[in-house]
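A look at the structure
Now for the letters of each chain:
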Amino acid sequence: MELPDRAAPGVEALAGAAADAACALADAVGPAGWNLAAAEDAADAIDTLAAALADIDPEAARLLAAVPDATKALLRHLGQEQEADVIGSATVARPSLPKPRRRGLGPGWQGVTATSAKR
């Protein structure tokens, strides 16, 4: 598949900013510099970018299909699922709910106003 020469408005700039942020993060952190919250945020960013790229076409989706499983496995390896709530002497594992996919609201979104709500 060949992509068009021009991206949608703002896409190139946002993709460049994402790449710059990823490079800055990689330069700033070493193996001992991570905590679970930072690793979760980075994994969410990877999942979000992979999902956005997977929307290009079915082949892109097929190629990127393993990314969510890989990031879940990474977080499991780093101890996310070892956290548990202790009630008395019983240990109850916290349910693992998928985080909602972050999406922009699009250009021109004005927000919810009192006049737009149904009564």
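Reading guide: rules and limits
- Residues numbered from 1 in each chain as written.
- Predicted model: local features only at pLDDT ≥ 70, side-chain atom pairs only at ≥ 80, totals over all residues.
- Heavy atoms only, no water.
- Salt bridge = Lys/Arg side-chain N within 4 Å of Asp/Glu carboxyl O.
- Helix = DSSP H or I, 4+ residues; strand = E, 2+ residues; numbered from the N terminus.
- Buried < 20%, exposed > 50% of the residue type's maximum accessible area, 1.4 Å probe, protein only.
- Expected span 1.5 Å × (residues − 1).
- Arc of directions from axis to C-beta.
- Contact = heavy atoms within 4.5 Å.
- Polar contact = N/O pair within 3.5 Å; in protein donor to acceptor, adjacent residues only side chain to side chain.
- Patch = residues over 30% accessible without salt bridge, like charges linked within 9 Å, V, L, I, M, F, W, Y side chains within 5 Å.
- Areas by Shrake-Rupley, 256 points an atom, 1.4 Å probe, with all protein chains shown as cover.
- Axes fitted to C-alpha atoms, helices over the stretch in contact; angles between N-to-C directions.
- Parallel < 35°, antiparallel > 145°, perpendicular 65-115°, else oblique.
- Nonpolar A, V, L, I, M, F, W, Y, C, P; charged D, E, K, R; others polar.
- Lys, Arg positive; Asp, Glu negative; His and termini not counted.
- pLDDT = per-residue confidence, 0-100.

Comments concerning the pattern of salt bridges
This model, assessed by the stated rule, comprises one salt bridge. The partner of Arg-62 in a salt bridge is Glu-59, with the nearest N and O atoms 2.5 Å apart. Residue Arg-62 and its partner Glu-59 are located together in helix H3 (residues 58–64), separated by three residues, close to a single helical turn. Note on Arg-62: relative accessible area 52%, which makes it exposed. The partly exposed category is assigned to Glu-59, whose relative accessible area is 39%.

Digging into helix H2 (residues 36–54)
Taking 1.5 Å per residue as the helical rise, H2 with its 19 residues ought to reach 27 Å, and the 26 Å between its terminal C-alpha atoms agrees with that figure. Here H2 has its buried residues at Leu-36, Ala-39, Glu-40, Ala-42, Ala-43, Ala-50 and Ala-54. Relative to the axis of H2, the buried residues are bounded by an arc of 165 degrees and lie together on one face. Looking at the buried residues of H2, the elements they touch are helix H1 (11–28), H3 and helix H4 (67–78). The backbone nitrogen of Ala-37 lies 3.3 Å from a side-chain oxygen of the residue at the head of H2, namely Asn-35.

What to know about a nonpolar patch on the surface
The grouping of Met-1, Leu-3, Leu-53 and Ile-56 at the surface amounts to a nonpolar patch, some 430 Å² of accessible area in total. Locating Leu-53 in the fold gives a position in helix H2. Classification of Leu-53 as partly exposed rests on a relative accessible area of 46%.

Focus: the packing of H2 against H4
If you want to describe how two helices pack, look at the angle between their axes and the distance between the axes. Closest axis-to-axis distance for the H2/H4 pair is 9 Å, and the angle between their directions is 175 degrees. By the angle between their directions, the pair H2 and H4 is classed as roughly antiparallel. Each of Leu-36, Ala-39, Glu-40, Ala-43, Ile-46, Asp-47 and Ala-50 in H2 lies in contact with H4, whose residues at this interface are Val-67, Pro-68, Thr-71, Leu-75 and Leu-78. A breakdown of the residues in the contact of H2 with H4 according to their chemical character gives nine nonpolar, one polar and two charged.

Quick notes on the side chain of Asp-57
Locating Asp-57 in the fold gives a position in the loop between H2 and H3. Of the side chains with opposite charge, Arg-62 lies nearest to the buried Asp-57, which makes no salt bridge, at 8.7 Å. A distance of 2.7 Å separates a polar atom in the side chain of Asp-57 from the backbone nitrogen of Ala-60.

Overview of the environment of Pro-68
On the secondary structure map, Pro-68 appears in helix H4. According to the relative accessible area criterion, Pro-68 is partly exposed, its value standing at 34%. Along the chain, Pro-68 and Ala-50 lie 18 residues apart, while their C-alpha atoms are 8.3 Å from each other.

Some words on the confidence of the model for the protein
Of all residues in the protein, 66% attain a pLDDT of 70 or more, and the chain-wide mean is 79. This model gives residues 84–92 a pLDDT under 50, and the stretch forms nine contacts once residues within four places in sequence are excluded.

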